[in-house]
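Chains, contacts and geometry: an overview
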Amino acid sequence: AGLEKWLKSEFGVKLERLRQLSTFNHTFTHFKLKISPIMLRVSRARTDRVMETSARLWYKADQFSQIGLPTPIKRIVGEVHSTVSEES
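Reference entry: report on the structure contained in this document. (Residues numbered from 1 in each chain as written. Predicted model: local features only at pLDDT ≥ 70, side-chain atom pairs only at ≥ 80, totals over all residues. Heavy atoms only, no water.)

Regarding the overall build of the chain
Rules: Only runs of H or I of at least four residues qualify as helices and only runs of E of at least two qualify as strands under DSSP, and these elements are numbered from the N terminus. Categorising residues by exposure relies on relative accessible area from a 1.4 Å probe, with only protein chains included: less than 20% of the type maximum marks a residue as buried, more than 50% marks it as exposed, and the intermediate range marks it as partly exposed. The contact criterion used throughout is that any non-hydrogen atoms of two residues lie within 4.5 Å. Reported accessibility uses the Shrake-Rupley method at a 1.4 Å probe radius. Residues are deemed covered only where the shown protein chains occlude them.
Across its full length, the chain carries three helices and four strands. Secondary structure of the chain in N-to-C order comes out as α-β-β-β-β-α-α. Sorting the 88 residues of the chain into buried and exposed places 18% on the buried side. Within the chain, contacts between residues at least 6 apart in sequence are counted, and of these 56% link residues at least 24 apart. Accessible surface computed for the chain: about 7100 Å², of which carbon and sulfur atoms make up 54%.

Structure, rendered in structure tokens:
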């Protein structure tokens, strides 16, 4: 219920489905991080809410190769892309 309320208040969307992606470890110089990403399918976002705050920056999927993303984020984006492609 907390996630659904946050999605509604922050983005104006409704949670339709939640899917756990593959958990993986990423090692930095001084620590290890266990990452357990989740993929959310939400109702269509209201366009007046998505870029409402300067605390967020959104990119189109075809722009990811043009920006510097940390390795763990590239891995998550790749898995999301594969999952979405399989569902289409």
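A look at a nonpolar patch on the surface
Keep this limit in mind: Each patch is built from residues lacking any salt bridge and having more than 30% relative accessible area; the joining distance is 9 Å for like charges and 5 Å for nonpolar side chains (Val, Leu, Ile, Met, Phe, Trp, Tyr). A side-chain nitrogen of Lys or Arg and a carboxyl oxygen of Asp or Glu constitute a salt bridge if their distance falls within 4 Å.
Judged by side-chain polarity, Leu3, Trp6, Leu18 and Ile38 come together as a nonpolar surface patch covering roughly 350 Å² of accessible area. Of the residues examined, tryptophan 6 reaches a relative accessible area of 42% and is grouped as partly exposed.

Remarks on the environment of phenylalanine 64
Along the chain, the position of phenylalanine 64 falls in the loop between α2 (47-50) and α3 (71-87). Sequence-distant contacts of phenylalanine 64, defined by excluding residues within four places in its chain, comprise Tyr59, Leu69 and Val77.

Observations regarding the environment of arginine 17
The topology assignment puts arginine 17 in strand β1 (residues 15-20). Arginine 17 gets classed as partly exposed once you look at its relative accessible area, which sits at 40%. With 23 residues separating them in the primary sequence, arginine 17 and leucine 40 have C-alpha atoms 5.8 Å apart. Among residues more than four places away in sequence, those in contact with arginine 17 are Met39, Leu40, Arg41 and Glu87.

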